[in-house]
Amino acid sequence: MKAVWYEQNGDAGVLNIGDMPDPEPGPEEVRIRIVSSGINPSDWKRRQGLTATMGHPRVVPHQDGAGVIDQVGSGVPANRVGERVWLYQCQIGRPYGTAAEYTVQPAIRAVPLHANVNFTQGACLGVPAMTAHRCLFADGPVAGKTVFVPGGAGAVGNYAIQLAKLDGAQVISTVSSDEKASIAKSAGASHVVNYRTEDVVSRILEVTDGAGVDHIVEVDFAGNFKISQQILKANSVLAVYAAGTPPQPPVPLQFNVSNVNVRLVLVYDMPEPAKTAAVEDINRLVEQNKLSHLLGPRFSLDTAAEAHRAVEGGAIGNVTLDVGTGD
Ligand SMILES: NC(=O)c1ccc[n+]([C@@H]2O[C@H](COP(=O)([O-])OP(=O)(O)OC[C@H]3O[C@@H](n4cnc5c(N)ncnc54)[C@H](OP(=O)(O)O)[C@@H]3O)[C@@H](O)[C@H]2O)c1
C-alpha cells in the first residue's frame, strides 16, 4: 500500500511517501480502506516531537479518517465488511494512523458513518468534535446556560458552538476577522466579538446584562485568562483544551468568583465511557443532519507535507488528504 511516514521528529520535510506492506487485522481489529485522512494540530506537534516522542521506529501519522472496512479480524462480525466508518484516535499507542491506503484499528475505533456525511466530513469528526463534546458535557448539560467559545472558526471551536447551541445554550464567541465572524455566526453563535478590535470583556458583560458566562470552552488558557477572570460566574466551568502561550500560564489559586471548575481536557485520555457517549451523540446529530462540518483545504497523499504546513499555518477548517476513492 501507499503510505506517508516519518522515522524521526522534525519539520514537514521528514514526511516520506512510499510503499509499505498491506496490514492484516488481528483479533478484535478491522482493516479500513482509507478514503480521507483528517489532519489536526496534534499531528504536526507529534511529528515535531513537541507533544510525543517517536514511540515507534516508523510512524504513519494522523488520528482521524474515514473509509470502508474491507477485512475483519477474529471476534468481529463478518457483516462489518463493506461498512462506511469514521475513525478516531488511530495513532495513539500505535505506530500507524490514517495517512495510508489502509489502516488496521481496534474495531471500536471504527464508527458507522451515516450516509448523510461524505468521507471528507467523516474524517473531521474524531479529534475536533469529540474534544468539543468533552469540553462542553464533562460537567453536565449546558442547556439554558451561556457558553463562551473563544475561536469560533477553529475546528474544535466550531463544533463547540454547534453542540452547545443544539443542547440549548446561548453561545458567545470571539474571532479575529470578519470571515471568521461569519463562520462562528453560521455555527450558531448569537454574539460574535472580534477580539483584536473590540473590548471582549465589556461586550460579553453587555450582552449578558452584566451576568457573565456559565461555561467557557477555552483555546488559549494563558492568553485569555484575564478575560476569563472577568466574565466567569460563580459555580461556572472553565474547560481548557489548549494552553496557549506560555504553555504553563501562572494560574492564581483565587479566582474573582468562587467555585470555578477548571477542567483540563485531553481528548485522547478521555475515559472510555465519555468517548462512547461522545461518539453516540455525534452520530445521532449526524443522522439528524444537524451538524455542519467546517472543511478546509484538501490535499493528496503525495502532498502530505504541504498539508501539514497548511495546518501549522492556521488554515481555516479541517485539512484533509484525499487517499482513496469514495463519495
Ligand atoms: N486538548 C485536546 O484534546 C485538544 C484537542 C484538539 C485540539 N487541541 C489543540 O487546540 C488548539 C486548536 O485546535 P483546532 O484544531 O481547533 O485548531 P484551529 O482549527 O487552527 O483553530 C484554532 C482557532 O483558535 C483561534 N484562536 C487562537 N488564539 C485565540 C485567542 N486567544 N482567542 C480567540 N481565538 C483564538 C484561531 O484563530 P485566530 O488565531 O485567527 O484567532 C483559530 O480559529 C491546537 O493547539 C490543538 O493542538 C487540543
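Model, not experiment: these values are computed from the prediction.

1. Brief notes about the site of the ligand
Then comes step 1: For the ligand, the set of nearby residues contains 22 residues, the closest of which are Lys45, Ser176, Lys180, Tyr195 and Val267.
Then comes step 2: Measuring from an oxygen atom of the ligand, one finds a side-chain N or O atom of Lys45 at 2.7 Å.
Then comes step 3: In the model, an oxygen atom of the ligand is placed 3.0 Å from a nitrogen or oxygen of the Val156 main chain.
Then comes step 4: When the free accessible area of the ligand is taken as 900 Å², the share hidden by the protein chains comes to 81%.
Then comes step 5: Put simply, the parts of the chain that give the shell around the ligand at least two residues each are α1 (41-48), α3 (125-137) and α4 (155-167).
Then comes step 6: Looking at the shell around the ligand, its residues break down into 13 nonpolar, 6 polar and 3 charged.

2. A short note on the sheet that holds strand β13 (residues 261-264)
Then comes step 1: Spatially, 6 strands are ordered β10-β9-β8-β11-β12-β13 in an open sheet, and the strand pairing comes out parallel. A single partner strand is all that each edge strand has here, and the edge strands are β10 (191-194) and β13. Averaged over all neighbouring strand pairs, the angle between strand axes comes to 15°, with direction disregarded.

3. Side note on the packing of α4 against helix α5 (residues 178-187)
Then comes step 1: Interaxial distance between α4 and α5 falls to 8 Å at its minimum, and their mutual angle equals 30°. One way to sum up the angle between α4 and α5 is to call them roughly parallel. Note on element contacts: α5 touches α4 through Ile183, Ala184 and Ala187, opposite Asn158, Ile161 and Gln162.
Then comes step 2: Grouping the constituent residues of the contact of α4 with α5 by class yields 4 nonpolar, 2 polar and no charged.

4. A look at unusual backbone geometry
Then comes step 1: Not every positive phi belongs to a glycine, and Asp209 is a case in point at roughly 50°.
Then comes step 2: Accessibility expressed as a relative area gives 75% for Asp209, which makes it exposed.
Then comes step 3: One non-glycine residue with positive phi stands out, namely Asn289, at about 60°.
Then comes step 4: Turning to its location among the elements, Asn289 is positioned in the loop between α8 (272-287) and β14 (295-300).

5. Some points on the packing of aromatic side chains
To describe a pair of aromatic rings, one takes the distance between the centres and the angle between the planes.
Then comes step 1: As enumerated under the stated definition, the model contains 3 aromatic pairs in all.
Then comes step 2: Seen from their ring centres, Phe221 and Phe225 are 5.8 Å apart, and the 80° between their planes marks the pair as edge-to-face. Here Phe221 pairs with Phe225, and both are found in helix α7 (residues 221-231), just 4 residues apart, close to one helical turn.
Then comes step 3: The buried category is assigned to Phe225, whose relative accessible area is 9%.
Then comes step 4: Here the aromatic rings of Phe225 and Phe255 are separated by 5.4 Å at their centres, their planes lie at 85°, and the arrangement is edge-to-face.

6. Structural notes on the pairing of strand β3 (residues 29-39)
Then comes step 1: In terms of residue burial, β3 counts as a mostly covered element, since 10 of its 11 residues are buried.
Then comes step 2: With 5 bridges joining them, β3 and strand β6 (residues 102-106) adopt antiparallel strand pairing. Within the sheet, the bridge partner assigned to Arg31 lies in β6 and is Val104.
Then comes step 3: Where β3 and strand β4 (residues 64-72) come together, 8 bridges link them in antiparallel fashion. Within β4, the position partnered with Gly38 by the bridge is Asp64.
Then comes step 4: In terms of strand pairing, β3 meets strand β15 (residues 318-322) through 4 bridges, oriented antiparallel. Bridge assignment links Ser37 to a residue of β15, and that residue is Leu321.

7. Some words on the domain arrangement of the protein
Then comes step 1: You can read the domains of the protein as domain 1 (2-124 + 294-322) and domain 2 (128-269).
Then comes step 2: When each unit is reduced to the centre of its C-alpha atoms, the spacing between domain 1 and domain 2 is 29 Å.
Then comes step 3: Of the roughly 990 Å² buried where domain 1 meets domain 2, counting both sides, 66% is carbon and sulfur surface.
Then comes step 4: Across the contact surface, domain 1 and domain 2 share 0 salt bridges.
Then comes step 5: Taken together, the residues of the side of domain 1 that touches domain 2 sort by class into 6 nonpolar, 5 polar and 1 charged.

8. Focus on the nonpolar core
Then comes step 1: Counting 50 residues, the largest nonpolar core has Trp86, Met130, Leu136, Val147, Val217 and Ile282 as its most contacted members.
Then comes step 2: Those elements that place two or more of their residues in this core are β4, α3, β8 (146-150), α4, β9 (170-175), α5, β12 (232-240) and α8.
Then comes step 3: By size, the runner-up hydrophobic cluster in this structure holds 37 residues, among which are Val4, Trp5, Met20 and Ala100.

9. As for the side chain of Gln89
Then comes step 1: Along the polypeptide, Gln89 turns up in the loop between β5 (84-87) and β6.
Then comes step 2: There is a polar contact of 3.5 Å between the side chain of Gln89 and the backbone oxygen of Tyr268.
Then comes step 3: With sequence-adjacent residues up to four places away left out, Gln89 is seen in contact with Gln63, Asp64, Gln105, Arg109, Val267, Tyr268 and Lys275.

How each quantity is defined
- Residues numbered from 1 in each chain as written.
- Predicted model: local features only at pLDDT ≥ 70, side-chain atom pairs only at ≥ 80, totals over all residues.
- Heavy atoms only, no water.
- Near = heavy atom within 4 Å.
- Polar contact = N/O pair within 3.5 Å; in protein donor to acceptor, adjacent residues only side chain to side chain.
- Areas by Shrake-Rupley, 256 points an atom, 1.4 Å probe, with all protein chains shown as cover.
- Helix = DSSP H or I, 4+ residues; strand = E, 2+ residues; numbered from the N terminus.
- Nonpolar A, V, L, I, M, F, W, Y, C, P; charged D, E, K, R; others polar.
- Pairing = 2+ DSSP bridges.
- Axes fitted to C-alpha atoms, helices over the stretch in contact; angles between N-to-C directions.
- Parallel < 35°, antiparallel > 145°, perpendicular 65-115°, else oblique.
- Contact = heavy atoms within 4.5 Å.
- Buried < 20%, exposed > 50% of the residue type's maximum accessible area, 1.4 Å probe, protein only.
- Phe/Tyr/Trp six-rings, centres within 6.5 Å; stacked < 30°, edge-to-face > 60°.
- Domains from an automatic or database assignment.
- Buried area = accessible area lost by both parts, 1.4 Å probe.
- Salt bridge = Lys/Arg side-chain N within 4 Å of Asp/Glu carboxyl O.
- Core = buried A, V, L, I, M, F, W, Y, C linked by side-chain atoms within 4.5 Å.

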